[in-house]
Amino acid sequence: MVSYLPQSLSEALELLASTGAIPYGGGTDLMVEGKNDASYLFLHKIPELGVIAGDADYIRIGASCTFTRVADHPLCPGILKEAILQIAAPAIRNLGTIGGNIGNGSPKADSALIFFVTGSRLRLVSKRGERIIPIKDFYLGRRSLDLRPGELIAEVLIPKMGYDRYYYRKVGARDALAISRLSFAGIIKTQGDRIVNLATAFGAVSDVIIRREDIDAMLIGKTLAEAKTVRDNYLAAYAEAIVPIRGRVSEKYRKRVCMNLLRDFLDTMNI
Amino acid sequence: MKPETVLNADVRFTLNGKAVAWLGSPAAPLLDVLREGFGNTGVKCGCREGECGACAVILDGELVNSCMVAAGRASGAEIVTIEGYKNTPGFEILDRAFAGAGAVQCGFCTPGMILAAACILRNNPHPTTEEVRKGISGNLCRCTGYNAIVTAILAAAGEGEGKW
């Protein structure tokens, strides 16, 4: 089978529309499938997909940026770097890309968890144009993405504001080369004593990363003292919302650890 | 479309300083291309899924697991395997340090470990123990034990100023 090595984004979009070749980011998920006769569209030579830059509101990371590059880049936020440095090991992080981690569609994707909790957006491009959507809307269900034929993930846009303090935990079988059994991220922004933003996300639990803005809204706008008074209701709402799907590790264990981490996040943030 | 865009049974790259062309599938794992296509059997096949690091090689200066790289991804790249790295001053130092520390038992993980060590020391000539352990965290060893390997890499760091 023929593969393609486009040198520009327009060439890649032309090829994607006309050939049906599989977009190849870092290859670390694709190569496990062992398809020696696959037709790949290699994306690493496309300059437009390799840029990390900031504008007034967002840090923009090109889909082809490797985990190593993101972890080393001064513009990338600490919560993202912390999560990325716990992915696999150096020889995988030198290959794996942000776009691939998202496009693989797994609720265990460690970088995607951070994009959920920070309310990041995706820029999707095709020959017809582009659209920018919240990452939460991109994941429709188990391995099901709102990626239209001929579309590529071009960039992730991470808001610059809204997370003065963060909390991140990945639970794996060991430190390196471990897939998440469960992951949790929480962010908070306070002004004086008042919570102006708070978000949580749970990975490797359900078909899609769990992000419940409606539940987190219970704490937003309150002072830390006021938030404490609704803490039990907040935890009860999550206890109902978190329904782990079957996995390699028992549902009961994952649910308990989710709730423990959520409690620890609240304790840490003095709620 | 420019001709270099289509990878059709002709992937050209540099292997240990020599220009080569791979005439098989561009989707084949670089691991198989290096071992079977070019006889670089120092690249070991342990797991084929990025879990062990035995097949690690250096691609454009960075450590990668060659089982996780499709041949086409290497188009235009510079690949260094242990067969190429063994002719460098850095290798001589690592070779002595690994022998001195008893850091080679069965030897299956050793080519990947040596290349991982070379990449650690190139980025950071004076690593801490923790940095060495993180640097080899993707390279599994099941018999020698990591302590001897870490000792060897730290010893090489002490000796190898400017050689990486």
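Residues numbered from 1 in each chain as written. Chains lettered and ligands numbered in written order. Predicted model: local features only at pLDDT ≥ 70, side-chain atom pairs only at ≥ 80, totals over all residues. Heavy atoms only, no water.

Draft legend 1. Structural context of the sheet that holds strand 10 (residues 152-159) of chain A. Residue and element names in this part refer to chain A. Taken together, five strands build an open sheet; the order of strands is 4-5-10-6-7 and the sheet is antiparallel. Of all the strands in the sheet, the pair left with one neighbour each is strand 4 (52-54) and strand 7 (129-134). In this sheet, adjacent strand axes meet at a mean angle of 20° when their direction is disregarded. Alignment of strand 4 against strand 5 (residues 58-62), held across three bridges, turns out to be antiparallel. Residue pairing in the sheet places Ala53 in a bridge with Arg60 of strand 5. Here helix 1 (residues 9-19) sits on the sheet and contacts strand 6 (121-126) and strand 10; the angle it forms with strand 10, its principal contact strand, is near 125°. (Pairing = 2+ DSSP bridges. Helix = DSSP H or I, 4+ residues; strand = E, 2+ residues; numbered from the N terminus. Axes fitted to C-alpha atoms, helices over the stretch in contact; angles between N-to-C directions. Contact = heavy atoms within 4.5 Å.)

Draft legend 2. Quick peek at the interface of chain B and chain A. Across the boundary between the two partners, chain B contributes 31 residues, which contact 33 residues of chain A. Counting the surface lost from both chain B and chain A, the interface buries some 2600 Å², and carbon and sulfur atoms represent 60% of this. When the buried surface of chain B facing chain A is broken down by residue, Thr5(B), Met68(B) and Arg73(B) rank first, second and third, together holding 24% of it. Where chain B touches chain A, the interface holds zero salt bridges. For the pair chain B and chain A, the number of links is four residue pairs in polar contact (both at pLDDT 80 or more). Counting residues per element, the ones that place at least two in the side of chain B that touches chain A are strand 1 (6-7), strand 5 (62-65) and helix 5 (129-135) of chain B. For the side of chain B that touches chain A, the element with the highest residue contribution is strand 5 of chain B, accounting for four residues. Residues of the side of chain B that touches chain A, tallied by class, amount to 14 nonpolar, 10 polar and seven charged. Here two bridges tie strand 1 (residues 3-4) of chain A to strand 1 of chain B, and the two strands are oriented antiparallel to one another. Paired with Ser3(A) across the two strands is Leu7(B), which belongs to strand 1 of chain B. (Buried area = accessible area lost by both parts, 1.4 Å probe. Salt bridge = Lys/Arg side-chain N within 4 Å of Asp/Glu carboxyl O. Polar contact = N/O pair within 3.5 Å; in protein donor to acceptor, adjacent residues only side chain to side chain. Nonpolar A, V, L, I, M, F, W, Y, C, P; charged D, E, K, R; others polar.)

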